[in-house]
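Secondary and tertiary structure notes
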Amino acid sequence: MVERDTDRYRSLTRRALMLGGIQAGLISTLVGRMYYLQVLQSDRYTMLAEENRINMRLLTPSRGQILDRFGVPLAVNQQNFRVVIVSEQARKIDRMLNLISEIVPLTDTDYRRITREIQRKRAFVPVTVKENLTWEQVTMIEVNAPDLPGVSIDVGELRNYPYEAATAHLLGYVGVVSESELNGDPVLTLPGFRIGKAGVEKFHDASLRGVAGTSQLEVNSVGRVIRELSRDEGQPGRDITMTIDIGLQQYTQDRLNAEKSAAAVVMDVHTGGIYSMASHPSYDANLFTTGINAETWEELLSDPTTPLSNKAVAGQYAPGSTFKMMVALAALDSGIVGPRHSVFCPGHMDLGDHRFHCWKKGGHGTVDFVGALKHSCDTFFYDLAKRIGIDRIHDMAKRFGLGQRLQLDLPGERPGLIPSRDWKQANLGKSWTQGESLIAAIGQGYVLATPLQLAVMQSRLVNGGFAVKPHLTRQIERGAGEQTAWPAIGISKAHLDITLAGQNAVMNQGDGTAFKMRITEPGFEMGGKTGTSQVRRITMAERSTGVLKNDQLPWRQRDHALFVGYAPINAPRYACAVIVEHGGGGSAVAAPIARDLLLEVQRRDSARGSAQVSRAEPVVEPAAAIAVNPGAARKVGG
């Protein structure tokens, strides 16, 4: 019995020791693990715990302003009152939205958007119901707050364009970020964040956008905000100062409003700064920031006058007789003809079995370079093109900025077209014909140019032959200013003087094509060149019975009216280009607009007492003092 008890005791003792050993091992393992976690891994888990408690959120930076050359705000930020709803606090979403709609009208599209966002976001995250509330709507929401649980007013920023249609094509507009525009920048994912979609807003978006700030928030385990621990507002966007004079810009837009469809550019011939650039009809860019409705959007898209298009940079037109100065310079530069070259114009030129007509049925008689420009004689330029060929014309036009993008700081610029033998072979698979050279010589056929290119062409003609480039940005805040020195094109001053003398004669001699549209105010006189661009083919049958006048034709079949000009004539500073789509004759329709714009820009600077800009190079001699082949000029002028 005693022996059995001893055996049982020994057995229990062994079991107790085994269990004790196992427990000691487990405790040792637990202690070791706790030591590892709390001592050796203390920093790591402290950091993880802190990250679970503290949430870093980005703050939307304030967008930079866009200003005109004198500091007048063109694009600004306004307080944007919006009503938001937190779904977990609202008793019934549908009922809350119906109550809100009694104060702030909501469309079916709004309901669908709100429902979609509520489903996508966590229940405690605010969802925007409606933006751009009036002060009356804000007060109504606040007064009814006890009956609107989960509904509150939030304050943000909304882009505003105070000059509306006058600046729409220049500034463009901002809009919410689309899926395709996400590039990894976390600021783009912020709710309601807007980026530039068109115009200067798009071109300078990176500078205007700014740098996002951060807010350090204490949150609970499910991410609900408890309190804000710290805040860094970030950096607001940089202001952009444009070369535009908003007073002149408004005047230009208003002046074009009398036409059905038109565009105009006024620029400084020495700096390349654009003082005004307008396209008519226009639109109100604020429609896009507040949310454009489907009906208005469809109207803009279907309008045959294309109000959404900036015709000044995207409209490509046959330049008509404004192109003749390029042909004249190409001929003079080639050495094939001299400055005293003259041609007898009987009203046409025959080439093989084809007859190329001058615009004046009876012809102009004998004309030289100045006389041909003054009267816009087609036959004279047919003769030049026949002698020098299309490739010399192509090369000269390229030197003056035609047929290429000018790298303007604005999206949407188109290149136009200056044809050549190689171009036709490469693009149409056909050889160039001499008849096509004659058509190109009067700015028709394949030749296409934008109003901006024509303004640059004119600037390079009158600034002494320097390759000035156009630009809209005068300065980016904390950045460099605009360029004022440009390389020389390499054109003889004597040859340039001939084109200036011709333009002077167009405006200021009694038989010039635009004499009636001249500036008569002393010191403000202008030079220029008219252009009329056909958009339809005139048949021989119509010529025999009498060519129909523009007012006898449907609008779409009428000629385009063009004009390029500069002022003042004695010290050129401003160049202007005008296109009136299907407007008729350049001298009757486009020239008066250019005259008014050149007079206005000079008056505005004169009223401010502004001095002439500093120049890296001397300007051309006064065109009024130039007399090239005066005997021939007097004979024609008589």
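Definitions and limits used
Residues numbered from 1 in each chain as written. Predicted model: local features only at pLDDT ≥ 70, side-chain atom pairs only at ≥ 80, totals over all residues. Heavy atoms only, no water. Helix = DSSP H or I, 4+ residues; strand = E, 2+ residues; numbered from the N terminus. Contact = heavy atoms within 4.5 Å. Buried < 20%, exposed > 50% of the residue type's maximum accessible area, 1.4 Å probe, protein only. Arc of directions from axis to C-beta. Core = buried A, V, L, I, M, F, W, Y, C linked by side-chain atoms within 4.5 Å. pLDDT = per-residue confidence, 0-100. Pairing = 2+ DSSP bridges. Axes fitted to C-alpha atoms, helices over the stretch in contact; angles between N-to-C directions. Patch = residues over 30% accessible without salt bridge, like charges linked within 9 Å, V, L, I, M, F, W, Y side chains within 5 Å. Areas by Shrake-Rupley, 256 points an atom, 1.4 Å probe, with all protein chains shown as cover. Salt bridge = Lys/Arg side-chain N within 4 Å of Asp/Glu carboxyl O. Disulfide = S-S within 2.5 Å. Phe/Tyr/Trp six-rings, centres within 6.5 Å; stacked < 30°, edge-to-face > 60°. Lys NZ or Arg CZ within 6 Å of the ring centre and 35° of its normal. Parallel < 35°, antiparallel > 145°, perpendicular 65-115°, else oblique. Left-handed = near helix turned anticlockwise from the far one by under 90°. Nonpolar A, V, L, I, M, F, W, Y, C, P; charged D, E, K, R; others polar.

**Examining the overall build of the protein**
- Secondary structure summary: the protein contains 23 helices and 20 strands in total.
- At a minimum sequence separation of 6, the contacts of the protein that also span at least 24 residues come to 73%.

**A few points about helix H5 (residues 135–143)**
- Every buried residue belonging to H5 is among Gln-137, Val-138 and Ile-141, and all of these are buried. Down the axis of H5, the buried side of the element spans an arc of 105°, and every buried residue falls inside it. Facing away from the buried side of H5 by over 90 degrees, the exposed positions are Trp-135, Glu-136 and Val-143.
- Its buried side turned inward, H5 meets strand S3 (73–85) and strand S5 (151–160).

**Observations concerning the nonpolar core**
- Counting 92 residues, the largest nonpolar core has Met-277 and Phe-400 as its most contacted members.
- In contact with Met-277, other than residues within four places in its own chain, are Leu-170, Ile-244, Gln-249, Ala-264, Val-265, Asn-310, Ala-312, Val-313, Leu-408, Leu-410 and Leu-452.
- The next biggest cluster of nonpolar side chains, apart from the first, holds 30 residues, and it includes Phe-524, Cys-576, Val-589 and Ala-591.

**Structural notes on the environment of Val-580**
- You can see Val-580 is positioned in strand S20 (residues 574–580).
- Taking the C-alpha atoms as reference points, Val-580 and Glu-259, 321 residues apart in sequence, are found 7.2 Å from one another.

**Re the side chain of Glu-201**
- Tracing the backbone shows Glu-201 in helix H7 (residues 199–203).
- The class of Glu-201 is buried, set by a relative accessible area of 0%.

**As for the confidence of the model for the protein**
- Considering every residue of the protein, the mean pLDDT works out to 84; 83% of them sit at 70 or more.
- Counting contacts from residues 610–638, a segment whose pLDDT is below 50, to residues more than four positions away or on other chains yields 49 contacts.

**Quick notes on unusual backbone geometry**
- Look at the link from His-280 to Pro-281: it is a cis peptide, with omega at 0°.
- Position of Pro-281 among the secondary structure elements: in the loop between strand S12 (274–280) and helix H10 (286–290).
- Here Ala-567 and Pro-568 are connected by a cis peptide whose omega angle stands at -10°.
- Here Pro-568 shows up in the loop between strand S19 (560–567) and S20.
- Look at His-582: it is not a glycine, yet its phi comes out positive at around 55°.
- Its location among the elements puts His-582 in the loop between S20 and helix H22 (586–608).

**Focus: the sheet that holds S19**
- Pairing is antiparallel in the open sheet, where five strands are placed in the order S12-S11-S20-S19-S18. One side of each edge strand has no neighbouring strand; the edge strands of this open sheet are S12 and strand S18 (527–533). Shown here is a sheet whose adjacent strand axes are inclined to one another by a mean of 5°, direction ignored.
- Together, S18 and S19 form the strand contacts of helix H20 (residues 493–508), whose direction differs from that of S18 by roughly 80°.

**Considerations on a nonpolar patch on the surface**
- Together, Leu-19, Ile-22 and Leu-26 give the surface a local cluster of nonpolar side chains, amounting to about 320 Å² of exposed area.
- Relative to the elements of secondary structure, Ile-22 occurs in helix H1 (residues 2–40).

**Some points on the state of the cysteines**
- Within this structure, the stated rule accounts for zero disulfides.
- With no disulfide of its own, Cys-345 lies 3.6 Å from the sulfur of Cys-377, the closest cysteine sulfur.
- Residue classification places Cys-377 among the buried positions, given a relative accessible area of 0%.

**Examining the packing of aromatic side chains**
- Applying the stated criterion to the full structure yields 10 aromatic pairs.
- Ring plane angle 85° and centroid distance 5.5 Å describe the contact between Tyr-275 and Tyr-574, whose orientation is recorded as edge-to-face. Here the residue Tyr-275 occupies a position in strand S12, and Tyr-574 occupies one in strand S20, the gap between them amounting to 299 residues. Per residue, the accessibility class of Tyr-275 equals that of Tyr-574, and both read buried.
- An aromatic cluster of three or more residues is present, and its members are Tyr-173, Tyr-283, Phe-288 and Trp-297.
- Over the aromatic face of Phe-70 sits the side chain of Arg-69, whose NZ or CZ is 5.9 Å from the ring centroid.

**Here's the deal with the packing of helix H13 (residues 324–334) against H20**
- Taken N-terminus to C-terminus, the directions of H13 and H20 make an angle of 150°; their axes are 10 Å apart at the nearest point. Between H13 and H20, the crossing angle belongs to the class labelled roughly antiparallel. Judged by the twist between their axes, the crossing of H13 over H20 is right-handed. Touching Met-325, Leu-329, Leu-332 and Asp-333 of H13 are His-495, Leu-496, Ile-498, Thr-499 and Gln-503, all from H20.
- The residue inventory of the contact of H13 with H20, partitioned by class, reads five nonpolar, three polar and one charged.

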